[in-house]
Amino acid sequence: MRTAIYPGSFDPFTNGHLDVVQRAARLFDRVIVAVAKSDGKHPLFTQEERKVFIQQSTAKLSNVEADVFDGLLVNYVQKHSAQAVIRGLRAVSDFEFEFQMALMNRKLNDSFETIFMMPKDTYTFLSSRIVKEIARLGGDVSTFVPVQVQAALTLKLGGAKA
Ligand code: PNS
């Protein structure tokens, strides 16, 4: 059983995240999308809300599940005996932080690999932060996020157009 953990804040889960999940699900027997608490980032959605969006958006992928975690990622990876951590890499600008995190995680626990996956090129410009900004200003985010997330953004921020 090859298990991969795909960790992130997912505030909210976007179609770019979904694209990475779909790719990972083809490579691993089990993919756990793990929502970090990320309190320091003052998330718009609660950790549980973010988890439910992922469950709804990945319902058709039988080997994908969503979970929440707090504390060190390496401890969560160990708890699930996972072989890999998946991270999406959109552009060179992502690289420095991702490289630092991957190597620090390796220092903390050398038993798993960090694997970087590139989402479809049409999603390289996409980020949760930009989606929230567009929604907040009343822009159309329907092509950027799963339908459940779009509805929740409309409820939470009001300004988003359906
Ligand atoms: O989507 P994000 O916010 O870029 O995800 C970052 C995340 C949640 C994967 C990272 O902050 C993390 O792993 N947090 C858990 C705490 C931890 O292990 N920190 C040390 C990382 S080297």
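Residues numbered from 1 in each chain as written. Predicted model: local features only at pLDDT ≥ 70, side-chain atom pairs only at ≥ 80, totals over all residues. Heavy atoms only, no water.

Caption draft 1: Here's a closer look at a nonpolar patch on the surface. On the surface, Val92, Phe95, Phe99 and Leu103 cluster together into a nonpolar patch covering about 400 Å² of accessible area. Its place among the elements puts Val92 in helix α4 (residues 92–108). Its relative accessible area of 74% is what places Val92 among the exposed residues. (Patch = residues over 30% accessible without salt bridge, like charges linked within 9 Å, V, L, I, M, F, W, Y side chains within 5 Å. Areas by Shrake-Rupley, 256 points an atom, 1.4 Å probe, with all protein chains shown as cover. Salt bridge = Lys/Arg side-chain N within 4 Å of Asp/Glu carboxyl O. Helix = DSSP H or I, 4+ residues; strand = E, 2+ residues; numbered from the N terminus. Buried < 20%, exposed > 50% of the residue type's maximum accessible area, 1.4 Å probe, protein only.)

Caption draft 2: Spotlight on the sheet that holds strand β2 (residues 30–36). Across the sheet, five strands lie side by side as β3-β2-β1-β4-β5; this open sheet has parallel pairing. Strand pairing shows two members of the sheet lacking a second neighbour, β3 (64–69) and β5 (113–117), which therefore form its edges. Neighbour-to-neighbour, the strand axes of this sheet turn through a mean angle of 30 degrees, independent of strand direction. Sitting on the sheet, helix α2 (residues 47–57) is in contact with β2 and β3, with an inclination near 175 degrees to β3. (Pairing = 2+ DSSP bridges. Axes fitted to C-alpha atoms, helices over the stretch in contact; angles between N-to-C directions. Contact = heavy atoms within 4.5 Å.)

Caption draft 3: Region of interest: the environment of Thr143. Within the fold, Thr143 resides in the loop between α5 (128–136) and α6 (147–157). For Thr143, a relative accessible area of 54% puts it in the exposed group.

Caption draft 4: Highlighting the pairing of strand β4 (residues 84–88). The buried fraction of β4 amounts to four of the five residues, a majority that puts the element mostly inside the structure. In this structure, strand β1 (residues 3–8) lies alongside β4, joined through two bridges in parallel fashion. In the strand pairing of β4, Ala4 is matched with Ala84. Two strands pair when backbone bridges link them, and β4 and β5 are joined in this way by five bridges, in the parallel orientation. Counterpart to Val85 in the pairing with β5 is Thr114. With α4 bridging β4 and its parallel neighbour β5, the resulting β-α-β unit is right-handed. (Right-handed = clockwise from strand over helix to strand, strands pointing away.)

Caption draft 5: Representation of the nonpolar core. Counting 19 residues, the largest nonpolar core has Tyr6, Phe10, Val31, Val33, Ile54 and Ile86 as the members making the most contacts within it. Secondary structure elements with two or more residues in this core: β1, α1 (15–27), β2, β3 and β4. In terms of residue count, α1 provides more of this core than any other element does, five residues in total. Those residues in contact with Val31 that sit more than four places away from it in its chain are Ala4, Tyr6, Ala24, Ala25, Asn63, Val64 and Glu65. (Core = buried A, V, L, I, M, F, W, Y, C linked by side-chain atoms within 4.5 Å.)

Geometry only, nothing functional implied.
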